[in-house]
Amino acid sequence: MSEIPARAKESAESKETERPSHGAPLGDAVWQSNPPGSIYDYIKVASFSIGPDGLVDQWSLRAEQLLGIPAEHAVGTDPIDAFVDPELRERGQRKMAEILDGREWTGVVPFRTPDAPGSPVPDAPGDPDRDGERGRGRRGLAEVYVMPTRTEDGEKAAVCIVVDVRVLRSIETDLAASQAIFGQSPFGFLLIDPDLRVRRANHRFASIFGGTPDSHRGKTVHDYLPRAEADRLSATLRRVLETGNSITDMHVTGFVPGSEGRRHWSVNLYRVHSGSGRPIGVAWLGTDITSRRQAAREAAAARRNLALLNDAGARIGNSLDLETTARELLDVVVPGFCDLATVDLYQGLLAGEETPPGLADGSAELRRVAFSSAVSDAPFLGTGERVKLGAVHHYPFNSPCADALRTARPRSVPAEEGGLVQSTLAVPMVAHDTVVGLAQFARTKGSEPFGDRDRDLAVELAARAAVCIDNARLYRREHERALILQRSLLPPGDPEASGLDIACRYLPGNAATGRASEVGGDWFDVIELPGHRTALVVGDVMGRGLRAAVAMGELRTAVRTLAQLDLEPAEVLAQLDEIARGLGAPSGVQQATRSARRPREADLSEVYLATCVYAVYDSVTRRCTFANAGHLPPVLVEPGETALMLDVPPGLPLGVGGEPFEEVEVELPEGALLALYTDGLVESRDHPLDEGLQAFVGALTDPAQPLEDVCDHVLNTLDSHHGEDDIALLMARVQGLPSDSVGDWTLPREPRSVGRARELARAQLLDWDMEPLVDTTELLVSELVTNALRYGEGEIRLRLLLDRTLVCEVWDSGLVQPRRRRARATDEGGRGLQLVGLLSAAWGSRRTPRGKTVWFELPLPGADTQLTDPAEALLSLF
């Protein structure tokens, strides 16, 4: 019985001898544990031997551990008396006799263990396998296998193998559960040994990678995964095996037999141990997450597309310029959506035509207005010949791009073999059912080709940009029309005035800043008045766009009409205020009932407000009368002095009403510089008005320069700070009429004054060397002086003014204005004013503070206007 190790005196060294390390030889036998561990690590089989006397003569270490009785107390005892209950001892003795008689026996035996002194198993209250009384020990159920043996002397004995049934049943249950879990798991299950080879695989794993579970035994991860991925996983397995730290949700990518698609798995790894605690390998639990990854990718793509659309909404359309809007689209899509992109717009659209041409066949001319690339600065291939930025071109009729323009549907453009691009989308830019251009998006090789989601996103991005481009087109059209209207209402060229050197500038907001902006309502005008006087007007209608330009035109026309009536400046502004308020009323200008109805109709009216400064300059006296309606003050620069702002009462803007306007008369010295302007010159969002006014005054440092140079200097000096609004600048240098160009006489109120007036006129004209005008002037002076004697009052004043034309004025104290009428054939008189109208270039009358003035104007000899022969004019009256 030497194969049974353990007598009572056996030491712990023998225990180590019994359990050699894995693969170590011992004598003639090789003892090893069979990975993943021996069943005996879990069952704890015990053995002891019975001598011929029926007593225990050998007691193994496992018996000590299982039954809790040390060898020194077990050897020499009767096993029936020691471990079997009294009621079963008789039967046990019979079985023992049979065993010692040479019979084998196997069976399940209830047993109890006495509490022997020195027992390593103490009382454990609450243990269901122990009796509650001291001395009864622990109860259990053991499966016993008894084999007869003989001693060296030939006597009969027996060897007993004992297994705790409770442990055995637990192992059976655990084994069944383990088999069920391993075999029925919906996840791939592997047991990998310390050599990193598959020791066991379940059916789920085999169904994915093919074969039977046994066919995978001995394989490594390199048999399933690409090299790089397998190396990474092998290093992880080795680290788990060495450290015992588990790995959760490790993502692994590879392929499965019979499928070309890439698969993704989530792998959990943890180290497993034998019953004795020795590491025996790594457990692999894998879950296929390919669909989950695909769903995550789709969700990420949806979020990315949504973010791209949000970005497009924030960045596209910030400018009302067509080319800028196209570039904004490409700034959004490159490189976030594609690698290269271009935008082509119809040439007719850029030229300002109403509807882009060529919508029927898609072959109309286009201009490449934007290009962007994340990989190259050269236009990409795949669409025929290269098209440079800014070039005008067209697509062949059968090309995908022409088809996209023709059908207003996106088309895929085939890539050129060997080219850089692998996938291109040609997307028409459609706004309000109108194709305005074509956008092309391309992805290079190495990027993911365009899919259906990408196509839908490209259509949405192109549509948003198309709407912004169409809005920019409509704005450009309105802006150009308003600008044309506004420019047509401004004085053409450089206006001329008697006694003034005039220079003017008008700059729309976009011209001043280089950015697109709506045209404003700024205007200026120079109006020649009778008597070599000049009206200078600068105004600004509040608001922008076509409405402001139209309102400006109406007010400018009204100013010119009122100026021809030769009204005082304050009265002109008062009439303009009435007109401005009438422009905003639903029924136009109304007199008696407008004030009463205004509160009720205020909500239905458009408010037209404007500022205006109106000045009348007399070149004979060099005096200028100002009236201001809420406008900025005029600036005057006298020779040798610094510039100053004239103190003109500002008044209320036109259209407000309720307050009269005041006048201020200023005498302007010879050579003085007068500047009228709008707020666009001196005010901006970044610079306050006071700062701009000081800068403007400071820019007028050398008024002696030519006026054109002075205007350019002012604009160049202030351009870095202002120009967001329209700019109107009117500058005039005073050049009074010389005294020798004025003839002024006072005549008594008597009939002979008519002849005296003819004599004075003839002498003055001969002195001015204007002999061709003598006869006509004498005749017309005679008519006006005669009318003053017959219909006027007080003294008669005769004045001749020579400048660019000859002006004759007859003054009297009467308030009744002369009225021209057509005389009948039988009338002896009534033809004097008709004659004046026939012979003069212009004539009229105006009120003065002390009466009225009747005047006529003749062109100078040598001018383009031919003089009318007095004889022919007299004959034409009859």
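The text that follows walks through the structure, step by step, so that each part is easy to find. (Residues numbered from 1 in each chain as written. Predicted model: local features only at pLDDT ≥ 70, side-chain atom pairs only at ≥ 80, totals over all residues. Heavy atoms only, no water.)

So, on to the pattern of salt bridges. Scanning the entire structure with this criterion turns up 37 salt bridges. Notably, a salt bridge pairs Arg505 with Asp712, separated by 2.9 Å at the nearest N-O pair. Residue Arg505 is found in strand β19 (residues 500-507), and its partner Asp712 is found in helix α20 (residues 707-718); the two are separated by 207 residues along the sequence. By relative accessible area, which is 33% here, Asp712 ends up partly exposed. Across the pair Glu750 and Arg752 runs a salt bridge whose closest N-O atoms are separated by 2.3 Å. Where salt bridges share partners, they join Arg533, Asp566, Arg799, Glu809 and Arg846 into one cluster. (Salt bridge = Lys/Arg side-chain N within 4 Å of Asp/Glu carboxyl O. Helix = DSSP H or I, 4+ residues; strand = E, 2+ residues; numbered from the N terminus. Buried < 20%, exposed > 50% of the residue type's maximum accessible area, 1.4 Å probe, protein only.)

Following the criterion strictly, the structure yields 9 aromatic pairs and no others. Between the aromatic rings of Phe209 and Tyr224, the centroid separation amounts to 5.0 Å while the plane-to-plane angle is 70°, which identifies the pairing as edge-to-face. In this pair, Phe209 is assigned in helix α8 (residues 203-209) and Tyr224 in the loop between α8 and α9 (227-243), connecting sequence segments 15 residues apart. Like Phe209, the residue Tyr224 is buried in the burial classification. Aromatic pair Phe337 and Phe441: ring centres 5.7 Å apart, planes at 85°, arrangement edge-to-face. Residue Phe337 is found in the loop between α11 (322-333) and β13 (340-346), and its partner Phe441 is found in strand β18 (residues 434-444); the two are separated by 104 residues along the sequence. We classify Phe337 as buried; its relative accessible area is 5%. Chaining the aromatic ring pairs together yields one cluster made of Phe205, Phe209, Tyr224 and Trp265. Sitting above the plane of the Trp811 ring, Arg797 keeps its charged end 4.5 Å from the centroid. (Phe/Tyr/Trp six-rings, centres within 6.5 Å; stacked < 30°, edge-to-face > 60°. Lys NZ or Arg CZ within 6 Å of the ring centre and 35° of its normal.)

Here we take up the nonpolar core. Ranked by internal contacts, the top residues of the largest apolar core, which has 59 residues, are Trp523, Leu536, Leu576, Tyr614 and Leu730. Element by element, the count of residues in this core is highest for helix α16 (residues 546-564), at 8 residues. Those residues within four positions of Leu536 in sequence are excluded, and the remaining contacts are Leu500, Ile502, Asp525, Val526, Val613, Tyr614, Ala615, Leu674, Leu676, Leu730 and Ala732. By size, the runner-up hydrophobic cluster in this structure holds 49 residues, among which are Ile316, Ala370, Ala462 and Cys468. (Core = buried A, V, L, I, M, F, W, Y, C linked by side-chain atoms within 4.5 Å. Contact = heavy atoms within 4.5 Å.)

Spatial relationships are all this shows, so hold off on functional conclusions.
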